[in-house]
Amino acid sequence: MEPPAGTGLKLLLWILSHISISQAASPSSQKCDEALVTPLPHNAFTSSSVFTSGYAPGYAKLNKRGGAGGWSPLDSDHYQWLQVDLGSRKQVTAIATQGRYSSSDWTTRYRLLYSDTGRNWKPYHQDGNIWAFAGNSNTESVVRHDLQNPTVARYLRIIPLDWSEEGRIGLRFEIYGCPYWADVINFDGQGVISYRFKMKKMKILKDVIALKFKTSESEGVILHGEGQQGDYITLELRRGRLLLQINLGSNQYGSILGHTSVTSGSLLDDHHWHSVVIERYRRNVNFTLDQHTQHFRTNGEFDHLDLDYELTFGGMPYSGKPVSGGRRNFKGCMESINYNGENITDLARRKKLDTSSFRNLTFSCVDTHTFPVFFNDTSFLQLPGRRDHNMVSVGFQFRTWNPSGLLLFSSLADGMLELALNNGKVTAHINVTQQKNMHVDISSGELTFFPHTDSMAVTWRSHKISSHSSTYLIIYLMFNGGCDDNFLTRASPIQRSFQGCMQLIQVDDQLADLTAVEQGRMGAFENVSLDMCAIIDRCMPNHCEHGGRCSQTWDGFTCTCDGTGYTGATCHTSVYEQSCEAYKHLGRSSDSYWIDPDGSGPLGPFKVICNMTEDKVWTTVVNNLPAQTAVTGSSRERRTVLQLNYSASMEQVTAITNSAEHCEQHVAYACRMSRLLNTPDGTPYTWWVGRGNEKHFYWGGSVPGIQKCACGIERNCTDSKYYCNCDADQKQWRDDSGLLVYKDHLPVSQVAVGDTNRPGSEAKLTVGPFRCYGDRSYWNAASFNTPSSYLHFSTFQGETSADISFYFKTSAPYGVFLENLGNTDFIRLELKSPTVVSFSFDVGNGPVELNVHSPIPLNDDQWHRVSAERNTKEAILQLDQKYKEVRPAPTQGHTRLELYSQLYVGSAGGQRGFLGCIRSLKMNGVTLDLEERALVTPGVKPGCSGHCTSFGMYCRNGGKCVEKYNGYSCDCSTTAYDGPFCSKDVGGFFEAGTLVKYNLVPEVVAAASSLDEKSVIHNLPVETNLTREDLTFSFSTSTSPSLLVYVSTKTQDYMAVVLRHNGRILVTLQKRSNFRCLSVSLLLAETGYIDPVIIEKYNTPGFVGCLSRVQFNSIAPLKAALRSRGSVPVSHQGKLVESNCGASPLTIPPMSAATDPWHLDAERVIPDGVNRNSAIIGGIIAVVIFTILCTLVFLIRYMFRHKGTYHTNEAKGGESSESADAAIIGTEANFTETIDESKKEWFI
């Protein structure tokens, strides 16, 4: 914004940054490694100063001994430099240094700057930092560094940072590279180059566009092409960033949904060369800026770029189409412009292209020198001002990443002026001695401020500040990141130092002569880098992964991972488990969960339904097709295509499929006069499309290659002449359904229906959810049986970020889990001792080791989880998701991990080899197939047993852990619970007259009356020889009194649990022999003796409600009744409905005597309607048999009697009592009932 007339102070703020110069293409005919310095004359070398004539910079050639044997400056400080002019632009690939010959002078650390013009220097960058090269430690040895990012430059400057402690700065050097030449075109902001196609309209499937540019402007169109159908491609600078916009068109809403926009780089208006390559094939695009590539896929459905007539470089065409308006043309230089193999710059030079829009087309780059100044936190620049003037103007452009810093300070005749950046806002503070201080916020309206993230400008009309008749003048101005005491009073401002760059510094509308300041002829400076801007954009490339948002300060960057599903310093690690299988082994139950199958890989997390059954873990992904979707009006010529969209992308579903043991999807086609597949040799009416976008002509229940339905496979179709029910073309509704189980074809993405257009034709389609079970990657394991055994894999690629996770179990005290080596770099994970896991690596800055200590030994033969991560910000080692060590990365230095050897798992060269099992080894989200490699490796076996030692704890309520090859399961057969972890209640709702009966004595024992007593006793099951009874159950009811549980024998012994009228529980025990039968809720008469008092008092109206968790010792009678398959001695009378007992049942009227199984009337009705006489006869026979058996058992019991004990968990403190009676009496203060010798009752 231009200031109005009379402006006193003018500030222009401008955004600047660093992007590394891209590597120029090396000549294909030879290696780019020529010595470039040795052939140069002496006048090609210059320096900041010279110690004496014998130390001139021309003597600083590698291995030369002329003069004093190398270059040394007059003073050894940080303001010295040595510069060489290579004569023309060269590609530079390496640098080598030596100390000064036969002396104590050498340089131990230095920086390298480069430039095309000898001005506006740019520091060499590597690993996101201004790189400091390691130099020499003596005078003769040569230290060479190959540049990670080769550069193109004519001028090179070496800045010594550290030098010999015994001597001074001394240097000889060599630069290696090769010649470089390229066609250059200077764009003046007006002209454009038009590349016209051979045909008026072009349908382009593939594009390759490459060019280099440099500019000091933050806006400008670099290339543009468009077509009448709405397709276009545009590459432009916008706010110093490179913006690529491309549209291949879309079927929906015209071409709007085809628009794709991608941004790369930042602060590219630094007047340095930047390389751009755009590669497109169909909808896949690689967008590369300065060797940093983004891969993306364009929106829309089309593959061709339809352009009309021409493609323009340097700006927009003059057609005036709507998409073309409102943009500035590019102003700067371009070189090596190539479009699909055509050299555009060469064609323009030979006048083969239209360049008529140029006023003056030049093929050399016009450099506009701006003389930038670089400030760090200890530097300042002092410039003189004018005296005896009441108005002065100052202007400059600046850029910084910090929100605060002192920009300008000036003493006044009677006060001071301070201009600062505070929290992103520019403020002016004016202090006048005889008046109150004045604080002006530029954003308040006194100044116009545009945020520093854009290219911006601030203008401020200065004020005359008067006290009485005095006018205060600015004596001088200081632009600094700190303040020099020579120019400030003791009351110096308290401000954070400015860190950043300034340029185009003007005083009184004249550019400041910074060359004179550099030469010491005016002003002063300290720790300022003149003619260079070394600001770094630490967020470009963006090290925040998975959509993490990057923000930075001068010293570093931070990543915000909110809402990404990832965590860590760079949003690298997923917060979710890899599969439903993993959630199960954390003890989770069936529910919806977010999973991330590839962990830190490119696939994002997604939500699935996890169903944890007893033996399998099902993962379900639902689709949007409603069940029984009606399809009409379709024919073979014009099929109706139903598109299925899933709750996860096809790539995410594929990740589930690849690791699953089995997948399936149910499909159903209900039809009426609508044919499905036709005959196996005919053209199908309907087909479906699977994962690979291929058509499939088989239906559920069949397999690939067989064009049949399930009924055709099973040979039970309605019409035997056809292989699908629907193919019979009948007027009745028919159905073809079944499971698709070939997982490489799943899931179903489309179904094309082709026979519903005839009169009376109807069809309804159902495609069920996609279901899989098993996770082979989670259980992929290998057992290492010898210390020298190992598995080897390809080199681990984890240059800037790497994560490793796995499970291990061992009984050995130490062992190397894995190792990968480079020349000097390496990465290693090992068990160093029984309680220490170590993660060590070296990326070039020296070895780093992280150790996590466990409070318990790790060689306990149980599974332990290890996860390690290294990125540009930190390194992390975590054990069992509890114990953790974090080590920050150094702010300067190498960040890339460069490995070359194979990855070894289980050993390190045969030393300290690992003995044990490693499972689910993932590296950067990829699961290594240990089992496949173990099959062909001696000393290593696939798989690993012993999962119950680690996961058996998840089997609850007495469930037993059962080992499986790829995991474990919980056996709940001896518990009253169900479910994958034996934690699901099994309950039943009891109506009037409902009874569950469990026979404690197996029939085989009851029938063995011919055996002797000793044999019978020996063969009795544990449950019948009871010295202790443990009974547990839960119930809910709204009626009382009622009988809950009754355990009886053929004698008068029994145990009863009843609910009294007052809602209290009464436990009654009468025992002289062993229990024979257990009944829940109600008991049949033939079971044994039934206490008439109990029945009389508590049987009306009987129990009506819900019972669950019923267990008597190791027997679960209610569960057995509900899950009975015929082999268990359990039966039930009346209607028994399984229930979770989550709510109180409705009140039901009392039972009548006719339906009361406890009623002892001889006229009792048999519920199942069996003839009463037959029932009586059968009952008499059963009573006789039972009487014989009971007599036999009683005699055996009497002959081998011994004193028994009764234990119950219902009374605490019973352990110290002589009997159960004493335990109850001693713990129940309100116990007042009379207890005889054989009958006991407890109230609860």
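Residues numbered from 1 in each chain as written. Predicted model: local features only at pLDDT ≥ 70, side-chain atom pairs only at ≥ 80, totals over all residues. Heavy atoms only, no water.

### So, the overall build of the protein chain
The line we're drawing: Secondary structure elements are taken from DSSP: a helix is a run of H or I of four residues or more, a strand is a run of E of two residues or more, and numbering for both begins at the N terminus. Categorising residues by exposure relies on relative accessible area from a 1.4 Å probe, with only protein chains included: less than 20% of the type maximum marks a residue as buried, more than 50% marks it as exposed, and the intermediate range marks it as partly exposed. Any pair of residues with heavy atoms lying within 4.5 Å of one another is described as a contacting pair. Where accessible areas are quoted, they stem from the Shrake-Rupley method and a 1.4 Å probe; at the residue level, only the protein chains shown are allowed to cover.
In terms of regular secondary structure, the protein chain is built from 13 helices and 82 strands. Within the span of the protein chain, comprising 1244 residues, buried residues form 52% of the whole. The contacts of the protein chain with a sequence gap of at least 6 include a subset with a gap of at least 24, amounting to 71%. For the protein chain, the exposed area adds up to about 55,900 Å²; of that, 50% sits on carbon and sulfur atoms.

### Describing the nonpolar core
As a reminder, the rule being used: For this analysis, a nonpolar core means a set of buried residues of the types Ala, Val, Leu, Ile, Met, Phe, Trp, Tyr and Cys, connected via side-chain atoms within 4.5 Å.
One finds Tyr669 and Trp699 to be the most contacted residues of the largest nonpolar core, which totals 41 residues. For this core, the secondary-structure elements that each account for two or more residues are α3 (580-584), β43 (591-595), β44 (606-612), β45 (617-621), α4 (650-659), β48 (662-672), β52 (750-753) and β53 (762-773). The leading source of residues in this core is β53, at 5 residues. Residues within four places of Trp699 in sequence aside, it is in contact with Val667, Ala668, Tyr669, Leu676, Leu677, Trp688, Lys708, Cys709, Asp736, Ser737, Leu740 and Leu765. Ranked by size, the runner-up nonpolar core spans 39 residues in total, among them Ile209, Ile246, Leu289 and Ala348.

### Re the state of the cysteines
This is how it is decided: When two cysteine sulfur atoms are found within 2.5 Å, that pair is recorded as a disulfide.
A complete count under the given rule lists 14 disulfides for this structure. One disulfide in the model links Cys671 with Cys726; its S-S distance is 1.9 Å. Between Cys671 and Cys726 the sulfur-sulfur dihedral comes to about -100°; the bridge is accordingly left-handed. You can see Cys671 sitting in strand β48 and its partner Cys726 sitting in the loop between α5 (710-714) and β51 (734-740), a full 55 residues away along the chain.

### A short note on unusual backbone geometry
Pro541 follows Met540 through a cis peptide bond whose omega is 5°. As for its position among the elements, Pro541 is in the loop between β38 (524-530) and β39 (549-552). Each neighbour pair has its own omega, and for Leu746 with Pro747 the value is 5°, a cis peptide bond. For Tyr309, which is not glycine, the phi dihedral falls at a positive 75°. By secondary structure assignment, the location of Tyr309 is in strand β22 (residues 305-313).

### A word on the sheet that holds strand β50 (residues 695-696)
Here is the rule we go by: Any two strands are treated as partners once DSSP identifies two or more bridges connecting them.
Pairing is antiparallel in the open sheet, where 4 strands are placed in the order β47-β52-β49-β50. Bordering the open sheet on either side are β47 (640-643) and β50, each of which pairs with just one other strand. As paired elements, strand β49 (residues 687-689) and β52 share 3 bridges and run antiparallel to each other. Along β52, the bridge assignment pairs Val689 with Gln750.

### Describing a nonpolar patch on the surface
Rule in force here: Exposure above 30% relative accessible area and no salt bridge define the residues that can form patches, which grow by joining like charges within 9 Å and nonpolar side chains of Val, Leu, Ile, Met, Phe, Trp and Tyr within 5 Å. The rule for a salt bridge is simple: a side-chain nitrogen of Lys or Arg has to be within 4 Å of a carboxyl oxygen of Asp or Glu.
On the surface, Val703, Ile706 and Ile713 cluster together into a nonpolar patch covering about 210 Å² of accessible area. Within the secondary structure, Ile713 sits in helix α5.

### Thoughts on the packing of aromatic side chains
Where we set the bar: By convention, a stacked pair of Phe, Tyr or Trp rings (six-membered ring in the case of Trp) has centres within 6.5 Å and planes under 30 degrees apart, an edge-to-face pair has planes over 60 apart, and any other such pair is tilted.
Per the stated rule, a full pass over the model turns up 31 aromatic pairs. Each ring, one from Phe396 and one from Phe398, has its centre 6.2 Å from the other, and the planes form 50°; the classification is tilted. Exposure class is identical for Phe396 and Phe398. Each is buried. When the ring of Tyr576 is compared with that of Trp594, the centres are 5.9 Å apart and the planes differ by 25°; the resulting orientation is stacked. Of this pair, Tyr576 sits in the loop between β42 (573-574) and α3 while Trp594 sits in strand β43, and the two are 18 residues apart along the sequence.

### Focus: the side chain of Arg399
Defined as follows: Under the rule applied, a polar contact is a pair of N or O atoms within 3.5 Å (in protein, one hydrogen donor and one hydrogen acceptor; residues adjacent in sequence only if both atoms are side-chain atoms).
Looking at the element boundaries, Arg399 is found in strand β26 (residues 394-399). Assessed through its relative accessible area of 1%, Arg399 is described here as buried. One polar contact links Arg399 to Asp269, side chain to side chain, over a distance of 3.0 Å.

### Things to note about α4
The element α4 is largely enclosed, with a buried count of 7 among its 10 residues. Burial in α4 covers these residues: Gln652, Val653, Thr654, Ala655, Ile656, Thr657 and Ser659.

### Remarks on the sheet that holds strand β60 (residues 848-853)
Let me state the cut-off plainly: Under this scheme, a helix contributes an axis fitted over its contacting stretch, all axes are lines through C-alpha atoms, and angles between N-to-C directions fall in the 0 to 180 degree range.
Sheet architecture is open: 6 strands sit in the order β55-β64-β57-β58-β59-β60, paired in antiparallel fashion. Across the chains shown, the open sheet's two edge strands, defined by having one partner strand only, are β55 (791-793) and β60. Pairwise comparison of adjacent strand axes, ignoring direction, gives a mean angle of 15° for this sheet. Bridge analysis of strand β59 (residues 836-842) against β60 gives 6 bridges, and the strand direction is antiparallel. Across the sheet, the residue bridging to Phe841 is Val848, located in β60.

### Details of the pairing of strand β20 (residues 284-289)
Summarising the sheet, strand β19 (residues 274-281) and β20 pair through 6 bridges and their orientation is antiparallel. Looking at the pairing, Ile278 lines up with Phe287 of β20. Hairpin connection, β19 to β20: the antiparallel pair is bridged by 2 residues, and Arg282 has positive phi, about 55°. The pairing of β20 with strand β21 (residues 292-297) spans 6 bridges and is classified as antiparallel. Each residue of the ladder has a partner; that of Thr288, found in β21, is Thr293.

### Points about the side chain of Asp85
Of note, Asp85 is situated in strand β4 (residues 82-98). Here Gly87 takes part through its backbone nitrogen, which lies 2.9 Å from a polar atom of the side chain of Asp85. In terms of polar contacts, Asp85 uses its side chain to reach the side chain of Arg154, at 2.8 Å. In this structure, Asp85 is in contact with Leu40, Ala44, Arg154 and Tyr155, ignoring residues within four places of it in sequence.

### Considerations on the environment of Lys607
Among the structural elements, Lys607 can be located in strand β44. Note on Lys607: relative accessible area 41%, which makes it partly exposed. A sequence separation of 11 residues divides Lys607 from Asp596, and the C-alpha atoms of the two residues are 9.0 Å apart. Setting aside its immediate chain neighbours within four residues, Lys607 contacts Ser592, Tyr593, Trp594 and Ser647.

### Describing the pattern of salt bridges
Applying the stated criterion to the full structure yields 34 salt bridges. Put simply, Asp85 and Arg154 hold a salt bridge, and the shortest N to O gap is 2.8 Å. Of this pair, Asp85 sits in strand β4 while Arg154 sits in strand β10 (residues 143-163); the two residues are 69 residues apart in sequence, bridging distant segments of the chain. Using a relative accessible area of 27% as the deciding quantity, one classes Arg154 as partly exposed. Two residues, Arg196 and Asp354, come together in a salt bridge whose shortest N-O distance is 3.2 Å. With Arg196 in strand β13 (residues 193-204) and Asp354 in the loop between α1 (344-349) and β25 (373-384), this residue pair connects regions lying 158 residues apart in the sequence. Where salt bridges share partners, they join Arg89, Asp116, Lys214 and Glu335 into one cluster.

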